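Analysis of the macromolecular model
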Amino acid sequence: QVQLAESGGGLVQAGGSLLLSCTVSGTVWWHQKDMAWYRQAGPGKQRELVAAIDRGGSTKYADPVKGRFTISRINAEYVMYLQMNDLKPEDTAVYYCNTDPPGARGYDVWGQGTRVNVSS
């Protein structure tokens, strides 16, 4: 079972920046996985895709974050990042990392997530 650990969240004012990290352990094949960041705004809200990066480094972004967020990965270090700039109150959520699409074999257990709170 792969372990996913997100970190880097916090409280920030609108317009600020945060760098989220996702560390991956329990596998040596992570470099072959398409990965993504997801967020969930609150209980009862659906978890939504924020940004994705495939094994080759190609990226895609949800419309609300285009031009503000940047996803990256360092395969050799088993780490993925989400640089978030010009944060808005609507970015407030718990952020998770997982495969794209989520729940690939061995990735069915989500991490704890990291909470981002953006104040206006």
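You'll find the structure just up there.
Cut-off values and rules
- All chains use their own residue numbering, which begins from 1 and follows the written sequence.
- For this predicted model, a pLDDT threshold of at least 70 governs which residues receive local features, and a threshold of 80 or more governs which side-chain atom pairs are given and counted, while totals over whole chains, interfaces and linings are taken from all residues.
- Only hydrogens and water are set aside when side-chain values are computed; all heavy atoms of the structure are taken into account.
- Between any two strands, at least two bridges found by DSSP are needed for them to pair.
- Counting from the N terminus, the helices are DSSP H or I runs at least four residues long and the strands are E runs at least two residues long.
- Only one rule defines a salt bridge in this text: a Lys or Arg side-chain nitrogen within 4 Å of an Asp or Glu carboxyl oxygen.
- Relative accessibility under 20% of the residue-type maximum defines a buried residue, over 50% an exposed one, and the middle range a partly exposed one, all with a 1.4 Å probe and only protein chains included.

Description of the pairing of strand E5 (residues 48–53)
Examined bridge by bridge, strand E4 (residues 35–40) and E5 share 5 bridges and lie antiparallel to one another. The residue bridging Tyr-38 from the neighbouring strand is Leu-49, located in E5. Across 3 bridges, the pairing between E5 and strand E6 (residues 59–61) is antiparallel. Within E6, the residue paired with Ile-53 across the bridge is Thr-59. Joining the antiparallel neighbours E5 and E6 is a turn of 5 residues, in which Gly-57 adopts a positive phi near 100°.

Observations regarding the pattern of salt bridges
Across all of its chains, the model carries 7 salt bridges by this definition. In this structure, the salt-bridge partner of Glu-48 is Arg-39, at a minimum N-O distance of 2.7 Å. When its relative accessible area of 39% is taken as the criterion, Glu-48 is described as partly exposed. The salt bridge involving Asp-91 is made with Arg-68; its shortest N-O contact spans 2.7 Å. Residue Asp-91 is found in the loop between strand E8 (79–84) and strand E9 (93–99), and its partner Arg-68 is found in the loop between E6 and strand E7 (69–74); the two are separated by 23 residues along the sequence. Each of the two residues, Asp-91 as well as Arg-68, counts as buried.

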